[in-house]
Amino acid sequence: MARGTFVVFEGIDACGKSTQARRVAEQRGARFAFEPGDTPLGVELRDWLLNAAAPMTPVTEALMMLADRSHHVATVIEPSLAQGTHVMADRFYASTLAYQGYGRGVDLKDLEAATELAIGDCLPDLTILIDIDIDTANERRARDAADRFESADAEFHDRVREGYLEMAARDHAHWFVVDGRGTFEEVAAIIDARLDYLSW
């Protein structure tokens, strides 16, 4: 049985990645996956991770994200791919590098080593970065003060965005950047055209 195709959608909050990932999964008969919180254990971890009132160091935050990802890979992503099911994921390892590395300042080499331990050789066939600027993101949604990430300042989100763009610039073969400022239909058409180049 041929292994499924693994596509990850990344970007800062309010870029539209979740909506596009769900759309593609539905249209192409794929498994929609998301992080954190796609498993019973992940639900528990997500509650802690997003709760801005729970004190947490950047390293602790990163390790909790990696714990969720390790479990997610072992129980959802890898089994689906091995059975020939395509997986469309809302966030994966690049989110931790962008948010906890570039955003929070956790050492990137340490994060990359920990990520390798967490995911093994489970790597995306393609990562789609839906890129928007911070002003556009703020226009699309009101920040949730109770959310650890949405409540962060603009400088934090700028660092996260720049981190994503830097990662994408280093690996054109496996990353595809889409201008997320267009309409839903415009962004969808660009994504679909790129996905048609993959082997399904």
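Residues numbered from 1 in each chain as written. Predicted model: local features only at pLDDT ≥ 70, side-chain atom pairs only at ≥ 80, totals over all residues. Heavy atoms only, no water.

Q: What exactly am I supposed to notice about the pattern of salt bridges here?
A: Two side chains bearing opposite charge may form a pair once their charged atoms approach each other closely. One pass over the structure, following the stated rule, counts 12 salt bridges. Asp90 is paired through a salt bridge with Lys17; the nearest N and O atoms lie 2.6 Å apart. With Asp90 in strand 3 (residues 87-90) and Lys17 in helix 1 (residues 17-28), this residue pair connects regions lying 73 residues apart in the sequence. Comparing Asp90 with Lys17, the two get one shared label, buried. One salt bridge in this structure joins Asp38 and Arg31, with 3.3 Å as the shortest N-O distance. (Salt bridge = Lys/Arg side-chain N within 4 Å of Asp/Glu carboxyl O. Helix = DSSP H or I, 4+ residues; strand = E, 2+ residues; numbered from the N terminus. Buried < 20%, exposed > 50% of the residue type's maximum accessible area, 1.4 Å probe, protein only.)

Q: Whenever I open this one, the pairing of strand 1 (residues 6-10) confuses me. Can you help?
A: Two faces, one strand: in a regular strand the side chains alternate between the faces of the sheet. Counted residue by residue, strand 1 has 5 buried out of 5 residues, so it is predominantly covered. Neither face of strand 1 is exposed, since Phe6, Val8 and Glu10 on one face and Val7 and Phe9 on the opposite face are all buried. Here 4 bridges tie strand 1 to strand 3, and the two strands are oriented parallel to one another. Bridge assignment links Phe9 to a residue of strand 3, and that residue is Asp90. Where strand 1 lies against strand 4 (residues 126-131), 4 bridges are found, and the strand directions are parallel. Residue pairing in the sheet places Val8 in a bridge with Thr127 of strand 4. (Pairing = 2+ DSSP bridges.)

Q: Just to check I follow, could you spell out helix 8 (residues 184-195) for this structure?
A: Along an α-helix, residues three or four positions apart point the same way, because every turn accommodates 3.6 residues. With 12 residues, helix 8 extends 16 Å between its outermost C-alpha atoms, agreeing within 8% with the 16 Å of an ideal straight helix rising 1.5 Å per residue. Along helix 8, the positions that sit buried rather than exposed are Val187, Ala188, Ile191, Asp192, Arg194 and Leu195. Along the axis of helix 8, the buried residues cluster in a sector spanning 160°; they form a single face. The inward-facing, buried residues of helix 8 contact strand 1, helix 1, strand 4 and strand 5 (175-179). (Expected span 1.5 Å × (residues − 1). Arc of directions from axis to C-beta. Contact = heavy atoms within 4.5 Å.)

Q: Looking at this structure, I do not really get the layout of surface pockets. What am I missing?
A: Picture a little ball the size of a water molecule; that probe, rolled over the atoms, points out where space is still empty. If you add up the space inside the largest pocket, you get close to 440 Å³. Elements represented by at least two residues in the lining of the largest pocket include exactly helix 1, strand 2 (31-34), helix 2 (40-50), helix 3 (58-82) and helix 4 (93-103). When its residues are assigned to classes, the lining of the largest pocket shows 8 nonpolar, 4 polar and 11 charged. The volume enclosed by the second largest pocket comes to roughly 340 Å³. Along the wall of the second largest pocket there are 15 residues; nearest its centre are Tyr93, Leu97, Leu123, Asp171 and Trp175. In terms of residues, the lining of the second largest pocket owes the most to one element, helix 5 (residues 108-119), which gives 4 residues. In terms of residue class, the lining of the second largest pocket is made up of 7 nonpolar, 4 polar and 4 charged. (1 Å grid on protein atoms, 1.4 Å probe; cavity = no way out; pocket = protein on both sides within 12 Å on 5 of 7 lines; lining within 4 Å. Points joined across faces, edges and corners; volume = space filled by probe spheres on them. Nonpolar A, V, L, I, M, F, W, Y, C, P; charged D, E, K, R; others polar.)

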